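Coordinate analysis (summary)
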Amino acid sequence: MITMDDIIREGRPTLRKVAEEVTLPLSDEDKKLGNELMEFLENSQDPQKAEELELRGGVGLAAPQVNVSKRITAVLVPSLDPNVEEPEFKDVLYNPKILSHSVQGACLGEGEGCLSVDRDVPGYVVRQARITLRYYNAEGEKKKIRLKNYPAVVVQHELDHLNGVLFYDHINEENPFTLNEGVLVIE
């Protein structure tokens, strides 16, 4: 089981490397890692388990964050509607790739955080508001989906990890809260 002790922090070289694609069909090792990444997210979003295991809440966790330089990431975006138990998006993504994206930018109003960054880095992280994503799931099936707004931002954050990029690399150092016209701010 992955805990906070397994998550590497900024400064470690694996977080700045471009991760290697996994081979298909998936190895048992790659499937197991994907399951463990998702298990961490599920536990981190369960208030009782999160407290018991001392986990910070997360909506995405990429293999490089546990010091494995492979193109694997788990994403678990809960429903924003408290009456809906079904997550807005949940899957383990193997070799994910953004095929296309909107011109419109989007950012989270409160900025972004990261399980690998133990400090607050204020500023807007502008990403694409909508993306078309291709990936393979744990069964080796090729998937193509469209995501928008918060789920799209989460997936782009995770794909950055597979490319050696951290969220604060996108923040304008001189004017961290300056936005171009037309950028969607997601509250």
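An unreviewed UniProt entry lists the protein chain under the name Peptide deformylase, with Tetragenococcus halophilus subsp. halophilus given as the organism. Its UniProt record gives the protein chain a comment under Function (unreviewed entry), which states: "Removes the formyl group from the N-terminal Met of newly synthesized proteins. Requires at least a dipeptide for an efficient rate of reaction. N-terminal L-methionine is a prerequisite for activity but the enzyme has broad specificity at other positions." You can read under Sequence similarities (unreviewed entry) in the UniProt record for the protein chain the words "Belongs to the polypeptide deformylase family."

Turning our eyes to something else, we now look at the state of the cysteines. Under the criterion given, the structure shown has 0 disulfides. Free cysteine: Cys107, not disulfide-bonded; nearest cysteine sulfur from Cys114 at 17 Å.

Within the open sheet, the 3 strands sit side by side as β5-β4-β8. Their pairing is mixed. Of all the strands in the sheet, the pair left with one neighbour each is β5 (127-128) and β8 (184-186). Bridge count between strand β4 (residues 105-108) and β8: 3 bridges; the pairing is parallel. Bridge assignment links Cys107 to a residue of β8, and that residue is Val185.

The subject of this paragraph is the UniProt feature "binding site: Fe cation" (unreviewed entry) in the protein chain. Look at the UniProt record and you will see "binding site: Fe cation" (unreviewed entry) annotated at Cys114, His157 and His161. Across 48 residues in sequence, these annotated residues keep their C-alpha atoms within 10.2 Å of one another, forming a single compact spot. When you line up the elements, Cys114 lands in the loop between β4 and β5. With a relative accessible area of 6%, Cys114 lands in the buried category. Those residues within four positions of Cys114 in sequence are excluded, and the remaining contacts are Arg56, Gln65, His157, His161 and Phe167.

Thresholds applied
- Residues numbered from 1 in each chain as written.
- Predicted model: local features only at pLDDT ≥ 70, side-chain atom pairs only at ≥ 80, totals over all residues.
- Heavy atoms only, no water.
- UniProt positions renumbered as here; feature names shortened; annotations may be inferred.
- Disulfide = S-S within 2.5 Å.
- Pairing = 2+ DSSP bridges.
- Helix = DSSP H or I, 4+ residues; strand = E, 2+ residues; numbered from the N terminus.
- Buried < 20%, exposed > 50% of the residue type's maximum accessible area, 1.4 Å probe, protein only.
- Contact = heavy atoms within 4.5 Å.

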